[in-house]
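# Coordinate inspection notes
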Amino acid sequence: MKTLIHCGTLFTGTEETARPDQVAVIENGVFSFVGPAQAAPAAAPGDTVLDHRAHFVMPGLSDLHVHLSYGNAHGQEDIDFYGSMEYRALRALAAAQRMLAAGFTAMMDPATSGHVSPAVRDALFVGMFPGPRITSSGPALTSRIGLYDYFPSWMGVAPESTGVLIRSLPEAIEEIRKQTKDGVDVIKIAMDGIHGDRTRGLYAAFDQDETTAMVREAHRLGRKVVVHVRGSEGAGYAARAGVDILYHASRIDAEGIAAARDMGCSICPSLMLLVNNIEFARPGDPSFGWWPDIQRRELAAATINLKRAYAAGIPFLVGSETGFAVTPYGEWAARELDIMANQLEFGAGAVLRMATSGNRRMLRDGDDHDSIAVGKRADFLVVDGDPLTDIALLQDHDKLLGIWMDGAPANLPKLPAEIPRHTREMAQGMWSQLYTRETVRDYQRQSLKDTGSAPPFEDIYPAAAQ
C-alpha cells in the first residue's frame, strides 16, 4: 500500500525555491514518486491519501550542533561533574525526542560525555525508542589552552567530562584510534578556548603540525573532523589541515578563508548561543556582568567575517548549539535559521537548503534522507505557512502539522513542557551574592519602603535598618 501526499507547496531540500501543486508517494518508508500532481499515479484501493494542498511540505530539519548530554546546563560544572553517565544517557534520549518534536529529524552531537550520545544513537537506530537520526563524536580533544579544559590544572579533566586532555601528539593519535574503535562518527577537536591577548587574539590549542597530524589520522580512519574555533590563529591551522567543519569561525581572517575554500572546509556559525545570551541574560545570571558584552563584540566580528567567507564560496551549515539553559532542547533551535537568513543575510531559501540537504552530507547515512526525492527515506515536515517568506515561523511548534520519519508520523511520548532537573545534576548552589552589612541594610531599607515591615533578620540585627 502507498501513501499519497498532495502538497500545495513542496520544498525538496536540493533547491532554494519551492514547487507548487506536487505529489509525493511513499512506499515501504521511501519516496517512490515525487512530481507534478497531473503526473502522479492514481490511488489504489487501500492506499492512504493525505490532502496538504494548503500546506508547505519539506524535508525534516537537521541541526549539526546539539549537545545531548549537557542537560540544559546552567554552568560547566553541571555538564562535567554532576549526574551519572547512566542518568545522562536517559536524559539525552529525552533531549533527542524534544528536538524531533521541534521538527529536527536528524542531528549531530559534537562533544558528549563518554559514550552517551553514540549509545542513544544506537538505541534509536535499532528502534528501541522513537527519535531522530543521530551522528555523534565522543569527548572533544583539547589541550591546556583549549575549550573543555575548563577547571584549574590541579583539578584536571574529569573522566566524565565532555573533553579529554591531550598532552602530546602520540596521545592525540591514540585517542583518535580509541574513539574510532568505540564507534564515533566524527572526531571533535577544540582548536581554541578562552586564553589569548589583545594583539594575537585567542591562542590556538594545537600548532599546525599537531593539527595536521590529527586530521590526517582521523581521515585515514574514515572519520570526519569538526573543530570548535573562534579565533583567527586556530581557524587558519584547522583550515590548512583540511578539517570538515569549522564551528563558529567568528574571527576567521582572509588567510583562513582562503585556506578553508581551497581545502574544502565548511563553516557552521552557531550564532544562536551568542544572540540568546545577549538578548536574554538577566542580572541574576552569574555571567551577566561580563559575558554578554564579550558576545556582542564576537557577534559583530562574526557578522563581517562570515559574510566574507560565504562570498568566497565556502559551504555553510546550520547548527544551533542547543543544550544550555539559554538554548534548551526543542525551544530555539530553528532560530539559528532565522539568524543566518537575516543577520548574515543569506536568505531563507539558501538557509533552508543548508538545514536540509546541505547538512545531511555531514551526517551518518545522510544521503539516504537528504531530500524529498525518489529513493530517499521519507522524513519530512508539514508546515502551516511558508518558511521561504517567513522563516521564523519554524520556531512555532503549532505550525508543524506533521513530523514524519520513514514514511510514518513520529510517535513520540508525551513530553513535559520542560525537562525537570534533578538535584543530582547540579552544583549545590547556596548564595548568588555576598551578604555584607551594607547589602543587608539595602534589603532592609527596601523592605521597609515596600511593605512597612522588616524582614526576619531585623529581630536579630536591629541596627541594620538604622
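Notes on the structure in this doc start here. (Residues numbered from 1 in each chain as written. Predicted model: local features only at pLDDT ≥ 70, side-chain atom pairs only at ≥ 80, totals over all residues. Heavy atoms only, no water.)

### Quick notes on the overall build of the chain
- Tallying secondary structure elements over the chain gives 13 helices and 18 strands in all.
- A compact globule built from 466 residues would reach a C-alpha radius of gyration of about 23 Å, and the chain, at 24 Å, matches this within 12%.
- Reported as C-alpha extents along the three principal axes, the dimensions of the chain are approximately 85 × 60 × 40 Å.
- A burial count over the chain gives 54% of its 466 residues as buried. (Helix = DSSP H or I, 4+ residues; strand = E, 2+ residues; numbered from the N terminus. Rg over C-alpha atoms; globule rule 2.2 N^0.38 Å. Buried < 20%, exposed > 50% of the residue type's maximum accessible area, 1.4 Å probe, protein only.)

### Observations concerning the sheet that holds strand β5 (residues 61–63)
- Read across the sheet, three strands follow the order β5-β6-β7 without closing on themselves; strand pairing throughout is parallel. A strand with exactly one partner marks an edge of an open sheet, and here the two such strands are β5 and β7 (133–136). Direction aside, neighbouring strands of the sheet carry axes that sit 10° apart on average.
- As judged from the four bridges shared by strand β6 (residues 104–109) and β7, these two strands associate in the parallel manner. (Pairing = 2+ DSSP bridges. Axes fitted to C-alpha atoms, helices over the stretch in contact; angles between N-to-C directions.)

### So, the layout of surface pockets
- The space that makes up the second largest pocket amounts to roughly 510 Å³.
- What lines the second largest pocket is a set of 25 residues, among which Leu 124, Phe 125, Arg 133, Met 405 and Asp 406 lie closest to the centre.
- Contributions of two or more residues to the lining of the second largest pocket are made by α3 (116–125), β7 and β18 (408–409).
- Residue composition of the lining of the second largest pocket, grouped by class: 13 nonpolar, five polar and seven charged. (1 Å grid on protein atoms, 1.4 Å probe; cavity = no way out; pocket = protein on both sides within 12 Å on 5 of 7 lines; lining within 4 Å. Points joined across faces, edges and corners; volume = space filled by probe spheres on them. Nonpolar A, V, L, I, M, F, W, Y, C, P; charged D, E, K, R; others polar.)

### So, a nonpolar patch on the surface
- On the surface, Phe 125, Val 126, Met 128 and Phe 129 cluster together into a nonpolar patch covering about 470 Å² of accessible area.
- Within the fold, Met 128 resides in the loop between α3 and β7. (Patch = residues over 30% accessible without salt bridge, like charges linked within 9 Å, V, L, I, M, F, W, Y side chains within 5 Å. Areas by Shrake-Rupley, 256 points an atom, 1.4 Å probe, with all protein chains shown as cover. Salt bridge = Lys/Arg side-chain N within 4 Å of Asp/Glu carboxyl O.)

### A look at helix α12 (residues 437–451)
- An ideal rise of 1.5 Å per residue puts 21 Å on 15 residues; α12 measures up with 21 Å between its terminal C-alpha atoms.
- Those residues of α12 that sit buried are Thr 439, Val 440, Gln 444 and Ser 447. Buried residues of α12 fall within an arc of 135° about the axis and therefore sit on the same side.
- Backbone geometry just after α12 places Gly 452 at a positive phi near 80°. (Expected span 1.5 Å × (residues − 1). Arc of directions from axis to C-beta.)

### Some points on the nonpolar core
- Counting 97 residues, the largest nonpolar core has Met 58, Val 227, Leu 246, Ile 267, Phe 316, Leu 337 and Leu 394 as its most contacted members.
- Other than its neighbours up to four places away in sequence, Phe 316 contacts Ile 267, Pro 269, Leu 306, Ala 309, Tyr 310, Met 340, Phe 346 and Met 354.
- Ile 5, Cys 7, Phe 31 and Val 57 belong to the second largest nonpolar core, which has 13 residues in total. (Core = buried A, V, L, I, M, F, W, Y, C linked by side-chain atoms within 4.5 Å. Contact = heavy atoms within 4.5 Å.)

### Some remarks on the packing of aromatic side chains
- For the structure shown, the criterion picks out 13 aromatic pairs.
- Summarising the aromatic geometry, the rings of Phe 380 and Trp 404 are spaced 5.1 Å apart at their centres and angled 20° between planes, so their arrangement reads as stacked. Taken together, the positions of Phe 380 in strand β16 (residues 380–383) and Trp 404 in strand β17 (residues 400–405) put the pair 24 residues apart, joining distant regions of the chain. Exposure class is identical for Phe 380 and Trp 404. Each is buried.
- Members of the aromatic cluster, joined through ring pairs, are Phe 81, Tyr 82, Tyr 148, Tyr 150 and Phe 151. (Phe/Tyr/Trp six-rings, centres within 6.5 Å; stacked < 30°, edge-to-face > 60°.)

### Quick look at the environment of Ala 204
- Mapped onto the fold, Ala 204 is located in the loop between β12 (201–202) and α5 (208–220).
- The class for Ala 204 is buried, based on a relative accessible area of 14%.
- When the C-alpha positions of Ala 204 and Asp 398 are compared, they lie 44 Å apart, and in sequence the two are 194 residues distant.
- Discounting chain neighbours no more than four positions away, the residues touching Ala 204 are Ile 145, Met 191, Glu 233, Gly 234 and Tyr 237.

### With respect to the side chain of Asp 47
- Turning to its location among the elements, Asp 47 is positioned in the loop between β3 (30–36) and β4 (48–59).
- Only 2.7 Å separates the side chain of Asp 47 from the backbone nitrogen of Ala 44, close enough to count as a polar contact.
- The residues touching Asp 47, leaving out its near neighbours within four places in the chain, are Met 1, Lys 2, Leu 4 and Ala 42. (Polar contact = N/O pair within 3.5 Å; in protein donor to acceptor, adjacent residues only side chain to side chain.)

### Quick word on the pairing of strand β10 (residues 186–190)
- Buried residues dominate β10, accounting for five of its five residues.
- Burial of β10 is two-sided: the residues Val 186, Lys 188 and Ala 190 facing one way and the residues Ile 187 and Ile 189 facing the other way are all buried.
- Sheet topology places β10 next to strand β13 (residues 224–229); five bridges connect them, and they run parallel. Following the sheet pairing, Ile 187 is matched in β13 by Val 225.

### Here we look at the pattern of salt bridges
- The final tally for this structure, using the stated rule, is 26 salt bridges.
- Across the pair Arg 19 and Glu 15 runs a salt bridge, and its minimum N-O distance is 3.0 Å.
- Classification of Arg 19 as partly exposed rests on a relative accessible area of 29%.
- Taking relative accessible area as the criterion, Glu 15 reaches 27% and is therefore assigned partly exposed.
- With a closest N to O distance of 2.9 Å, Arg 133 and Asp 406 form a salt bridge. Here the residue Arg 133 occupies a position in strand β7, and Asp 406 occupies one in the loop between β17 and β18, the gap between them amounting to 273 residues.
- Judged by relative accessible area, Arg 133 falls into the partly exposed class, the value being 23%.
- Given the relative accessible area of 34%, Asp 406 is considered partly exposed.

The analysis is restricted to geometry; functional conclusions fall outside its scope.
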